[in-house]
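So you can see what is in the structure, the chains are spelled out below.
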Amino acid sequence: MAAGARLTIDLAALAANYRTLCAQVAPARVGGVVKADGYGLGAALVARTLIAAGCEHLFVALQGEAEALIPHVGPVPVYILNGLLPGGEEACAQAGAIPVLNSLDQARRWGAEAERLGRRLPAVLQVDTGMSRMGLPPEEIDALLARPELLARFDMRWLISHLACGDDPADPANGAQEARFRAIAARFPDVPLALDNSGGAFQSRGHFNLVRAGIALYGGTPSTGPNPMRAVVALEARIAQLRTIPAGTGVGYGLTFQTTRETRIATIPVGYADGWPRCLGNRGSAFIAGTRVPVVGRVSMDSITLDVTDIAPEHLYPGAPVELIGPHQTIDAVAADAGTISYEILTQLSRRYERVVLPAPGLTSPPTPEQRSIPA
Ligand SMILES: *Cc1c(COP(=O)(O)O)cnc(C)c1O
């Protein structure tokens, strides 16, 4: 094993999470959000698994992500959440990607491209219902509705908005956004609606026509309360080196940890360059044979030091397994220790890890671009 750690991606768990979400939000459907390379797990891999499980809508953030993904997903539509940057219109239409129109300016430019091509173009319209990030503000919605000839250039697939506090069902901002969304939706009759992300999916109300699910698919906690999703990733490192040092000895950069007893130190070859947060120095944990071992000293670029003094010697040898993410330490637990969210832990997972993909038995994904280019 030449890599510092092995990242295992469980596609059966991913597919199970997709089905859990489908049951949760029915009769609404579930679209898969595979931006940021499928939250770090591989956009094409994730997308193909979701499609095999029945997913019919995919969301990315960037046009480049859409262009890279489309050859892998057959006819399944790929929507660009961040919308259309100036100059990207022609390539977007050519790729068959579907932009989310987040401003009147984006609508005008996509409309101009439709006119140039002499055909209607598919689009999604996002309206801002209170997050002040993306989507048309109220005055731009009025301006767009005052231009029926522009709207007529689009095959409008969805009207969407996004929740600022979706992960907290008790937050009154959710109800306020939902009410504004309903009022705007009434002005776009016949356009299907999508408001919720993973968190919104677990709020006890209707979910319109489609939910855009990201983190819950990948096993992160979608909402306050217990996590109903299955873990999709596991990360196992191996001990590179063991040392026994006396009391009063410093460990790691800056010697920020000083031993107070004779201490066994295990060094593992994972560091902040692998996306293991540097702020976990003297704070984070790993598990050996199911027992917690604290990180001592700073997290280096390529390694971490653990205090393994209390671990039975038979578990301590070069090459011995060390759990970083797994049954004893979820992505949410790592995130909480680091003062962040599971999204950030997942999307920073290193390309240096060995990646092992556990298949989802019984699921047939669409043909790869290579397979499709072979004449039948
Ligand atoms: C990222 C994103 C999602 C998915 O959010 P999760 O919380 O990961 O489910 C949905 N909609 C929009 C607009 C997003 O940017």
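Residues numbered from 1 in each chain as written. Predicted model: local features only at pLDDT ≥ 70, side-chain atom pairs only at ≥ 80, totals over all residues. Heavy atoms only, no water.

An unreviewed UniProt entry lists the protein chain under the name Alanine racemase, with Novosphingobium pituita given as the organism. Taken directly from UniProt, the Function (unreviewed entry) text for the protein chain runs: "Catalyzes the interconversion of L-alanine and D-alanine. May also act on other amino acids." As stated in UniProt under Cofactor (unreviewed entry), the record for the protein chain gives "pyridoxal 5'-phosphate". (UniProt positions renumbered as here; feature names shortened; annotations may be inferred.)

## A word on the domain arrangement of the protein chain
The assigned domain composition of the protein chain is domain 1 (11–218) and domain 2 (233–329). With centres defined by C-alpha atoms, the gap from domain 1 to domain 2 works out at 42 Å. (Domains from an automatic or database assignment.)

## Re the sheet that holds strand S17 (residues 304–307)
Whenever strands of a sheet pair, they do so through backbone hydrogen bonds, lying parallel or antiparallel. The three strands are arranged S11-S14-S17 in an open sheet whose pairing can be described as antiparallel. Two strands in the sheet have a free side with no partner beyond their single neighbour: strand S11 (241–245) and S17. Between one strand and the next, the sheet's axes are offset by a mean angle of 25°, whatever the strand orientation. Bridge count for strand S14 (residues 263–268) against S17 is four bridges, and the pairing is antiparallel. Within S17, the residue paired with Ile268 across the bridge is Ile304. (Pairing = 2+ DSSP bridges. Helix = DSSP H or I, 4+ residues; strand = E, 2+ residues; numbered from the N terminus. Axes fitted to C-alpha atoms, helices over the stretch in contact; angles between N-to-C directions.)

## What about the site of the ligand?
What surrounds the ligand is a group of 13 residues, the closest being Lys35, Tyr39, Ser198, Ile215 and Tyr343. Residue Arg133 places a side-chain N or O atom 3.4 Å away from an oxygen atom belonging to the ligand. In the environment of the ligand, an oxygen atom lies 2.8 Å from a nitrogen or oxygen atom belonging to the backbone of Ile215. About the coverage of the ligand: the protein hides 94% of its 390 Å² of free accessible area. Those elements giving two or more residues to the shell around the ligand turn out to be helix H2 (35–39) and strand S9 (210–213). For the shell around the ligand, the per-class residue count stands at six nonpolar, four polar and three charged. (Near = heavy atom within 4 Å. Polar contact = N/O pair within 3.5 Å; in protein donor to acceptor, adjacent residues only side chain to side chain. Areas by Shrake-Rupley, 256 points an atom, 1.4 Å probe, with all protein chains shown as cover. Nonpolar A, V, L, I, M, F, W, Y, C, P; charged D, E, K, R; others polar.)

## Here's the deal with the pairing of strand S18 (residues 321–325)
The two faces of the sheet receive side chains in turn, since in a regular strand these alternate between them. The element S18 is largely enclosed, with a buried count of four among its five residues. Here strand S10 (residues 233–238) runs beside S18; their pairing, made up of four bridges, is antiparallel. Note on S18: the bridge partner recorded for Leu235 is Ile325. (Buried < 20%, exposed > 50% of the residue type's maximum accessible area, 1.4 Å probe, protein only.)

## Let's talk about helix H9 (residues 172–185)
For an α-helix the count is 3.6 residues per turn, leaving residues at separations of three or four pointing the same way. Taking 1.5 Å of rise per residue, 14 residues should cover 20 Å, and H9 covers 20 Å from first to last C-alpha, within 8% of that figure. The complete set of buried residues in H9 reads Asn174, Gln177, Glu178, Phe181, Ile184 and Ala185. Relative to the axis of H9, the buried residues are bounded by an arc of 125° and lie together on one face. In the core, the buried residues of H9 are packed alongside helix H7 (138–145), strand S7 (154–160) and strand S8 (193–194). (Expected span 1.5 Å × (residues − 1). Arc of directions from axis to C-beta. Contact = heavy atoms within 4.5 Å.)

## Structural notes on the UniProt feature "domain: Alanine racemase C-terminal" (unreviewed entry) in the protein chain
UniProt feature "domain: Alanine racemase C-terminal" (unreviewed entry): in the numbering of this structure it lies at residues 232–358. With 11% helix and 34% strand, the stretch residues 232–358 has end C-alpha atoms that lie 10 Å from each other.

## Quick look at unusual backbone geometry
Looking along the chain, the bond that leaves Ala26 and enters Pro27 is cis, with omega of 5°. Mapped onto the secondary structure, Pro27 falls in the loop between helix H1 (11–25) and strand S2 (29–33). With a phi angle near 50°, Ala289 is a residue other than glycine that sits in the positive phi range. Examined against the element boundaries, Ala289 turns out to sit in the loop between strand S15 (285–288) and strand S16 (291–294). Judged by its relative accessible area of 53%, Ala289 falls in the exposed class.

## A word on the nonpolar core
Burial of nonpolar side chains together is a common tendency in soluble globular proteins. Within the largest apolar cluster, 113 residues are counted, with the highest numbers of intra-cluster contacts made by Leu58 and Leu159. Per-element tally for this core: the top contributor is H1, with seven residues. Each of domain 1 (11–218) and domain 2 (233–329) contributes no fewer than three residues to this core. (Core = buried A, V, L, I, M, F, W, Y, C linked by side-chain atoms within 4.5 Å.)

## Observations regarding the packing of H1 against helix H3 (residues 43–52)
At a minimum axis distance of 9 Å, the contact between H1 and H3 shows a crossing angle of 55°. In terms of orientation, H1 lies oblique with respect to H3. The way H1 lies across H3 gives a crossing that is right-handed. Along its contact with H1, which presents Leu11, Leu14, Ala15 and Tyr18, the element H3 presents Leu45, Val46, Thr49 and Leu50. The residue makeup of the contact of H1 with H3, split by class, is seven nonpolar, one polar and no charged. (Parallel < 35°, antiparallel > 145°, perpendicular 65-115°, else oblique. Left-handed = near helix turned anticlockwise from the far one by under 90°.)

## Considering the side chain of Ser223
Here Ser223 is to be found in the loop between S9 and S10. In contact with Ser223, other than residues within four places in its own chain, are Asp167, Pro169, Gly199 and Phe202.

## Brief notes about the UniProt feature "active site" (unreviewed entry) in the protein chain
Under the UniProt annotation, the feature "active site" (unreviewed entry) is placed at Lys35 and Tyr253. For the annotated residues, spread through 219 residues, the largest C-alpha to C-alpha distance comes to 35.3 Å, inconsistent with a single compact locus. Inspection of the secondary structure puts Lys35 in helix H2. You can call Lys35 partly exposed: its relative accessible area is 28%. When neighbours within four sequence positions are excluded, Lys35 is seen to be in contact with Phe59, Val60, Ala61, Glu65 and Leu81. Its location among the elements puts Tyr253 in the loop between strand S12 (250–251) and strand S13 (257–258). Owing to a relative accessible area of 58%, Tyr253 belongs among the exposed residues under this scheme.

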